[in-house]
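Report on the structure
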Amino acid sequence: MSVGTTPRHDTANDATGVPHGHYARKQLDCRSSVIAFSHRARFETAIALAATSPRGRILDYGSGDGTFLSMVAGHFGECLGADIARDQVDDCRARFAAVPNVRFCELAALRDRGHEQMYDVVTCMEVLEHCPPPALRAILADIVRLVAPGGRVIISVPIETGPTFVVKYAVRTVAGWRGLSDYRYYERYPVGDALRMIFATRRTQVHRPISNEGGFETHSHYGFNWHHVEEQVAAVLTIERRLFSPFNLFGGAFSSQAWLVCRPRSARSAR
């Protein structure tokens, strides 16, 4: 999910023929091979998890520049991307105008009862780490309302603790030195907070500053502990599977992203 960003178009195209948006240019086309590899692995994981409901309906909650929907459009009959930023939605509508089964709307439009329990797959990727607690609870309630009774919810959040913290901090620092995108603005950690992140447990909390982007309160990745989101998700959905990318090993200790594959609570008893 991005806030207040007006992407420019360029000539890079994906399988749908849609010009890449700002996120794809920043991450998938990044001149840092490590950053590009990590983000490509995320999308490969997302496709493998989501594209098992042929011709069904998918909702990408916090769809950003539409990169993921451009990759899975051929697997679903109907694709809807929803984002909080109007300029982002307008840009996606323009770029995807020739793709008949992909639509975009603002998140507020999902309040319409016509969306309730309508989606076989709901994805929410790289969104929840940015949400202060009230927004996090509201989004999860929204997702529960929107997913079909037998559907799946696929959530991904970054891993910013343990050995991964050290690797990411180094990669982002070098990317900043190279002037790659906005990595030059990446936050620096005081020693105390850095040590808390490196040796974090499931309960570790680091103060997370809140900024205001485009009129919305948001967190950066600073101080994010993915286990806190996992607990919130487990309170409203049944987590059937946890995995990690790009390396699904060692409980995510050396991976950049955590994935939660979930079902609505009612689905388990119905199966």
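Just so you know, these numbers come straight off a predicted model, no measurement behind them. (Residues numbered from 1 in each chain as written. Predicted model: local features only at pLDDT ≥ 70, side-chain atom pairs only at ≥ 80, totals over all residues. Heavy atoms only, no water.)

What follows concerns the pattern of salt bridges. Scanning the entire structure with this criterion turns up 15 salt bridges. With a closest N to O distance of 2.8 Å, Glu126 and Arg42 form a salt bridge. Of this pair, Glu126 sits in the loop between strand E4 (119-125) and helix H5 (133-146) while Arg42 sits in helix H2 (residues 33-50), and the two are 84 residues apart along the sequence. Arg42 shares its class with Glu126; the two are buried. Measuring nitrogen to oxygen at the nearest pair gives 4.0 Å for the salt bridge that ties Glu116 to Arg145. Highlighted residues: Glu116 in the loop between strand E3 (102-106) and E4 and Arg145 in helix H5, separated in sequence by 29 residues. Residues joined in a network through salt bridges with shared partners are Arg113, Glu116, Asp142 and Arg145. (Salt bridge = Lys/Arg side-chain N within 4 Å of Asp/Glu carboxyl O. Helix = DSSP H or I, 4+ residues; strand = E, 2+ residues; numbered from the N terminus. Buried < 20%, exposed > 50% of the residue type's maximum accessible area, 1.4 Å probe, protein only.)

Relative to the helices and strands, Ala253 is located in the loop between strand E8 (237-245) and strand E9 (257-264). Overall, Ala253 belongs to the partly exposed group, its relative accessible area being 24%. Once the C-alpha coordinates of Ala253 and Phe96 are considered, the two residues, 157 residues apart in sequence, prove to be 37 Å apart. Beyond its immediate stretch of four places on either side in the chain, Ala253 contacts Pro163 and Thr164. (Contact = heavy atoms within 4.5 Å.)

Turning next to helix H7 (residues 191-198). Taken as a whole, H7 has its buried residues at Asp193, Ala194 and Met197. One side of H7 carries all its buried residues, which in axial view fall inside an arc of 100 degrees. As for H7, its buried residues are in contact with helix H6 (162-177). (Arc of directions from axis to C-beta.)

Now for the confidence of the model for the chain. Scored by pLDDT, the chain has a mean of 87; 90% of the residues are at 70 or more. With pLDDT under 50 throughout, residues 1-13 is counted as low confidence; its partners more than four residues away or in other chains account for 44 contacts. (pLDDT = per-residue confidence, 0-100.)

In this structure, Leu59, Tyr61, Leu110, Leu128, Ile155 and Val233 are the most contacted members of the largest nonpolar core, which totals 33 residues. With residues near it in sequence (within four places) discarded, Leu128 still touches Leu136, Ile139, Leu140, Ile155, Val157 and Val229. One finds Leu49, Val89, Val121 and Leu243 within the second-largest nonpolar core, a separate group that totals 27 residues. (Core = buried A, V, L, I, M, F, W, Y, C linked by side-chain atoms within 4.5 Å.)

Another aspect to go through is the sheet that holds E4. Here we have seven strands laid out as an open sheet, ordered E3-E2-E1-E4-E5-E9-E8, and mixed in their pairing. Where the open sheet ends on each side, the last strands, each with one partner, are E3 and E8. Geometrically, the sheet is characterised by an average inter-axis angle of 20 degrees between neighbouring strands, direction not taken into account. When strand E2 (residues 78-83) meets E3, the two strands line up parallel, connected through five bridges. From the neighbouring strand, Gly81 faces E3, where its bridge partner is Phe104. Here helix H4 (residues 86-95) sits on the sheet and contacts E2 and E3; the angle it forms with E3, its principal contact strand, is near 165 degrees. Across the sheet, H5 touches strand E1 (57-61), E4, strand E5 (147-158) and E8, and the angle it forms with E5 is around 145 degrees. (Pairing = 2+ DSSP bridges. Axes fitted to C-alpha atoms, helices over the stretch in contact; angles between N-to-C directions.)

Time to look at the side chain of Asp193. Within the secondary structure, Asp193 sits in helix H7. Given the relative accessible area of 16%, Asp193 is considered buried. A distance of 2.7 Å separates polar atoms of two side chains, one belonging to Asp193 and the other to Arg196. If sequence neighbours within four positions are ignored, Asp193 has contacts with Val206 and Tyr222. (Polar contact = N/O pair within 3.5 Å; in protein donor to acceptor, adjacent residues only side chain to side chain.)

What follows is about the environment of Val127. Note that Val127 resides in the loop between E4 and H5. Along the chain, Val127 and Ala109 lie 18 residues apart, while their C-alpha atoms are 18 Å from each other.

The next point concerns the packing of aromatic side chains. Under the definition given, this model contains seven aromatic pairs. Through successive ring pairs, a cluster of aromatic residues spans Phe165, Tyr169, Tyr189 and Tyr222. (Phe/Tyr/Trp six-rings, centres within 6.5 Å; stacked < 30°, edge-to-face > 60°.)

Bringing the side chain of His221 into the picture now. Looking at the element boundaries, His221 is found in the loop between strand E7 (216-218) and helix H8 (226-234). We classify His221 as buried; its relative accessible area is 18%. Within the structure, the side chain of His221 is placed 2.8 Å from the side chain of Glu160, a separation counted as a polar contact. Each residue touching His221, except ones within four places of it in the same chain, is listed here: Glu129, His130, Pro158, Glu160, Arg172, Tyr189 and Arg208.

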